Amino acid sequence: MSSPSDPQPAPDALGAPSAGRRERIRTASRRALRGFGRPSAGAAGGEPVGPVLPPEPRVPPALQTAAAYSWRILAVGILVYAVFALLGRFHEIGVAVFLGLVITAMLRPVADLLGRFLPRPLAVAVSLIGSILVVLGVLALIGEVVADQRAELVQEFRDGVGRIESWLEEPPLRLNPDALNDVQSRIGSFLSSHRSTLISTAISGAHRLVEVLTVLALALFCSVFFIHSGDRQWGWFCHQLPAGTRERVSVAGRAAWRTFTGYTHGIVLVAATNAILVGIALYALGVPLAVPLALLEFFAAFIPLIGSPIALAVAAVVALATKGPLIAAIVVALIVIIGQIEGHLLHPIVMSWAVRLHPVVVALSVIGGAIAAGVLGAVVAVPLVSVVWAAHQALRRAREGAAGARP
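Residues numbered from 1 in each chain as written. Predicted model: local features only at pLDDT ≥ 70, side-chain atom pairs only at ≥ 80, totals over all residues. Heavy atoms only, no water.

> When you look at the overall build of the protein chain in this model, what are you seeing that I'm missing?
Scanning the protein chain from N- to C-terminus turns up twelve helices and zero strands. Start at the N end of the protein chain and walk to the C end: the helices and strands fall as α-α-α-α-α-α-α-α-α-α-α-α. In the protein chain, buried positions account for 26% of the 407 residues. In the protein chain, the proportion of contacts linking residues at least 24 apart, taken out of those at least 6 apart, comes to 61%. (Helix = DSSP H or I, 4+ residues; strand = E, 2+ residues; numbered from the N terminus. Buried < 20%, exposed > 50% of the residue type's maximum accessible area, 1.4 Å probe, protein only. Contact = heavy atoms within 4.5 Å.)

Structure, rendered in structure tokens:
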């Protein structure tokens, strides 16, 4: 208790507590409510007057960046998947358009050259009909060679199978002759028991042949218009786009077409060189079917990295069956030699100016395309990746040029 002598706070004129007492009351109230309020602009001294909420957790900047890239990558992946699903549903049309572009890339320079002396439609017709006649002539030559060597080939294959059996029975393998005879009998019984399956497979193969001819006809039809007026068609397509994107699409399209044309010319030159080397080597070794095997090498070279070894493996099997293990071993050595020539000489010289992709990217593209769409995917994968990369590079250079031109 306070003594009578202690100074008492004097009440104001209305009997209210003094200023000091009011301050003590406010301090006690703030202490009682501390921790149960939120800062408010109207509170004295910025003290809390409402319920206090826990602070929001802060997301690290690296996680924010990763999340932003993740949903964009997912969106692009969904778009790519949708495009491939659409192409898979209408793959015949996609293949026909792709072949039409390949034919255009090969014959457009010929048509432009002939267009200097002939009307444009006539130049296109001459280039297409002339190329078709050349292809049919090559196929007829191969068919005639095979027909002339048919009897000799049958006898050589029979003798070759006998030599292989004798080689397997000798050291170091020492296989049982009865086992080899049993294998032959099993193959014969399998063919007899699955005759209906083989017939249905042949019928489905005929259906496939009709599909291939249809795709080729559509490809030729598209190539006629691509060669004749492809630039005007591209200009019309760009004109249909919004004004803000026309220039970018035009730049990307021109870069993509230059890359695709360069890749097509380069891969045809590489394939022709490989086929000539293989044909000369097989002819010198006396391996039959040298011309058809060289043609197989030509088409197989369109699949980078793995096409040529597969074609030469077929040639090695033919050499083993007809000429024995020594010639087959020499053909296997050709796989390594021609692979080195293709990888270290032809591709760097012929393809580097058109396609600048790392060998790892090429390998991953080929395998990924083969998994997605078989042989056709392996053929299309590398030019597709090259075209996309060329378009990206062209757009980036255009952006950098526009940024450097600004004051």
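> What's the story with the nonpolar core in this structure? I'm lost.
As a rule of thumb, nonpolar side chains are buried together in soluble globular proteins. If you look at the biggest cluster of nonpolar residues, it comprises 15 residues, and the most contacted ones within it are V278, L282, V287, L293, A315, A319 and V331. At the level of secondary structure, the elements contributing two or more residues to this core comprise α8 (243-285), α9 (290-300), α10 (307-323) and α11 (325-351). Here this core takes five residues from α10, the largest share from any one element. When residues no more than four places from it in sequence are discounted, the contact partners of A319 are V287, G324, I327, A328 and V331. Among the nonpolar cores identified, the runner-up in size contains nine residues, and V362, V366, A378 and V382 belong to it. (Core = buried A, V, L, I, M, F, W, Y, C linked by side-chain atoms within 4.5 Å.)

> I would appreciate a short explanation of the pattern of salt bridges in the present structure.
Pairing between side chains of opposite charge can happen when the charged atoms of each approach one another. Throughout the structure, instances matching the rule amount to two salt bridges. As a salt-bridge pair, R120 and D112 come within 2.8 Å of each other at their nearest N and O atoms. Given a relative accessible area of 24%, R120 falls into the partly exposed group. Here the residues in one salt-bridge network are R108, D112 and R120, joined through shared partners. (Salt bridge = Lys/Arg side-chain N within 4 Å of Asp/Glu carboxyl O.)

> For this particular structure, what's the right way to read the confidence of the model for the protein chain?
Close inspection of predicted coordinates is inappropriate for parts of the model with low pLDDT. Scored by pLDDT, the protein chain comes out at a mean of 77, with 69% of its residues at no less than 70. At the level of individual helices and strands, the protein chain shows its lowest average pLDDT in helix α6 (residues 177-193), which scores 61, and its highest in helix α3 (residues 91-114), which scores 89. This model gives residues 35-46 a pLDDT under 50, and the stretch forms 23 contacts once residues within four places in sequence are excluded. (pLDDT = per-residue confidence, 0-100.)

> Is there a simple way to explain the environment of A290 in this structure?
Following the sequence through the fold, A290 ends up in helix α9. Here A290 falls in the buried class, since its relative accessible area comes to 11%. Note: C-alpha distance between A290 and V146 (144 residues apart in sequence) is 9.8 Å. Apart from residues lying up to four places away in sequence, A290 is in contact with G279, L282 and Y283.

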